[in-house]
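These are the residues of each chain, in order.
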Amino acid sequence: YNYYDLMDHDTMLWQTELMKKYCIDGMCIYHYWFEEGRRILEKPTENLLKWKDIHMPFCFCWANQTWRRTWKKLSDSCMWSSIYEKQEQLSEDNGILLKQIYGREKDWEQHFQYLLPFFKDNRYIKLNGKPVFVIYRVDDIPSLWNMLDYFNRKSKENGLPGIYVIGMLGNETDELNAICLKQPEIATGRCLKEKGNFPKRITMYSYDNIWQAILNQECITEKTYFCGIVDFDNSPRMGEKSIIIDGASPEKFYQYFKLLYEKSLYLNNEFIFINAWNEWGESMYLEPDEINGYGYL
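All chains use their own residue numbering, which begins from 1 and follows the written sequence. Owing to the predicted nature of the model, reporting of local features is limited to residues with pLDDT of at least 70; listing and counting of side-chain atom pairs is limited to 80 or more, with chain, interface and lining totals taken over all residues. With hydrogens and water stripped out, all remaining heavy atoms of the structure feed into the side-chain values.

1. Description of the environment of Ile-272
Then comes step 1: By secondary structure assignment, the location of Ile-272 is in the loop between α8 (250-266) and β14 (273-275).
Then comes step 2: Sequence separation of Ile-272 and Thr-224 is 48 residues, and the distance between their C-alpha atoms is 9.6 Å.
Then comes step 3: Discounting chain neighbours no more than four positions away, the residues touching Ile-272 are Phe-226, Phe-257, Leu-260, Tyr-261 and Ser-264. Numbered from the N terminus, helices here are DSSP runs of H or I no shorter than four residues, and strands are runs of E no shorter than two. We call two residues in contact whenever any of their non-hydrogen atoms come within 4.5 Å of each other.

2. Some details on the pairing of strand β8 (residues 164-169)
Then comes step 1: In terms of burial, β8 is largely enclosed, as six of its six residues are buried.
Then comes step 2: Pairing between strand β7 (residues 130-137) and β8: five bridges, direction parallel. Bridging across to β8, Val-134 finds its partner in Ile-166.
Then comes step 3: Convention used here: a crossover is right-handed provided that the path from the first strand, over the helix, to the second strand proceeds clockwise when the strands point away from the viewer. In this fold, the crossover linking β7 to β8 by way of helix α4 (residues 144-157) has right-handed handedness.
Then comes step 4: Pairing geometry for β8 and strand β9 (residues 178-180), over two bridges, is parallel. Under the scheme applied here, a residue whose accessible area is under 20% of the maximum for its type counts as buried, over 50% as exposed, and between as partly exposed, the area being computed with a 1.4 Å probe on protein chains only. A pair of strands is labelled paired if DSSP reports no fewer than 2 bridges between them.

3. Here we look at helix α2 (residues 43-50)
Then comes step 1: Where α2 is concerned, the buried positions are Pro-44, Thr-45, Asn-47, Leu-48 and Leu-49.
Then comes step 2: Buried positions along α2 lie against α1 (9-21), β1 (27-31), β2 (58-62) and α3 (105-119).

4. Quick notes on the packing of helix α6 (residues 207-216) against α8
Then comes step 1: Fitting a line to C-alpha atoms yields each axis, with helices limited to the stretch in contact; the angle taken between N-to-C directions then spans 0 to 180 degrees. α8 packs onto α6 with a crossing angle of 5° between their chain directions and a minimal axis gap of 10 Å. Considering the angle they form, α6 stands roughly parallel to α8. In this structure, α6 uses Tyr-207, Asp-208, Trp-211, Gln-212, Ile-214, Leu-215 and Asn-216 to contact α8, whose residues at the interface are Lys-252, Phe-253, Tyr-256, Phe-257, Leu-259, Leu-260 and Lys-263.
Then comes step 2: Only Asp, Glu, Lys and Arg are considered charged in this grouping, and only Ala, Val, Leu, Ile, Met, Phe, Trp, Tyr, Cys and Pro are considered nonpolar; every other residue, Gly among them, is considered polar. A breakdown of the residues in the contact of α6 with α8 according to their chemical character gives nine nonpolar, two polar and three charged. Every angle not falling under 35 degrees, over 145, or within 65 to 115 is termed oblique; those three ranges are roughly parallel, roughly antiparallel and roughly perpendicular.

5. Concerning a negative patch on the surface
Then comes step 1: Only residues whose relative accessible area exceeds 30% and that form no salt bridge are eligible for patches; like-charged ones are grouped when within 9 Å, while nonpolar side chains (Val, Leu, Ile, Met, Phe, Trp, Tyr) are grouped when within 5 Å. Only the protein chains shown count as cover for residues, and all accessible areas are computed by the Shrake-Rupley method using a 1.4 Å probe. Any Lys or Arg side-chain nitrogen located within 4 Å of an Asp or Glu carboxyl oxygen qualifies as a salt bridge. When charges are counted, Lys and Arg contribute as positive and Asp and Glu as negative, whereas His and the chain ends are disregarded. One atom stands in for each charge, and that atom is NZ of Lys, CZ of Arg, CG of Asp or CD of Glu. Residues Asp-139, Glu-172, Asp-174 and Glu-175 make up a contiguous surface patch of negative charge.
Then comes step 2: Take Glu-175: it is sitting in the loop between β8 and β9.
Then comes step 3: Its relative accessible area of 54% is what places Glu-175 among the exposed residues.

6. Comments concerning the nonpolar core
Then comes step 1: Within this scheme, the nonpolar core is defined by two criteria: the residues are buried Ala, Val, Leu, Ile, Met, Phe, Trp, Tyr or Cys, and they are joined through side-chain atoms within 4.5 Å. Val-132, Phe-133, Ile-135, Phe-151, Ile-166, Trp-211 and Tyr-225 are the most contacted members of the largest nonpolar core, which has 79 residues in total.
Then comes step 2: Per-element tally for this core: the top contributor is α3, with seven residues.
Then comes step 3: Excluding anything up to four places from it in sequence, Ile-135 contacts Trp-62, Asn-64, Ile-141, Leu-144, Leu-148, Val-165, Ile-166, Gly-167 and Met-168.
Then comes step 4: Tyr-32, Phe-34, Ala-63 and Leu-98 belong to the second largest nonpolar core, which has five residues in total.

Here it is, written out as structure tokens:
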């Protein structure tokens, strides 16, 4: 096994060398910004900003969801595992762990000023000079267009030509520069709809069927980026409400991702995404393991 700490300089250097050896051009890293500027899991990227000798191209994906406990019925929120719940907690709090609030200009300014040093870094991924900023759930932001207009204006005031915004999940597309078809959410939703039932227990999908749904997905907007998956199993988090994709292998991943890559090239897309590099808690990782070694890479 190989324990590592992403706050360690040599670990980040090893990660960079690994991604470059296997032709991973950049990392799209989850960025968390909650109510009143609360941040979590931010230290690795803050360290990366300081460690100029680590040449890891990166951009942010704002994972804009409220974090809640399992029993709290909030829509569009990230659910914590019931494995870690205690019965006495059910009446002691409101179930919200981290609340996602968007605010107005004062809050946007604080958020933008935090992002600006990253945007201006030479390693930050840009398109036509614009920093790429991915937003996970665009429909959840009530003042999305006002906020993006503010971000673009502030970017230009600070010597940038604006920001390049990619939305992942949602129907709001008019003012975005592009969307990314995040997987496996879109493919599993499509397969579930075709089944015509909505089971309340573990849902199993065929890896082949999920990939066919990914490959058959039509473009939503003029600029649509595709996303492939390595594997998926969120049962460690979700228990009996989990989704498991069965039948993954490095050989299948190679064949399917090659087709998706060709489709992306045909459309002259600048980016293609893979979910994920190190999502070990949901069995989505390109990193080497004891079973497949470096097969997926």
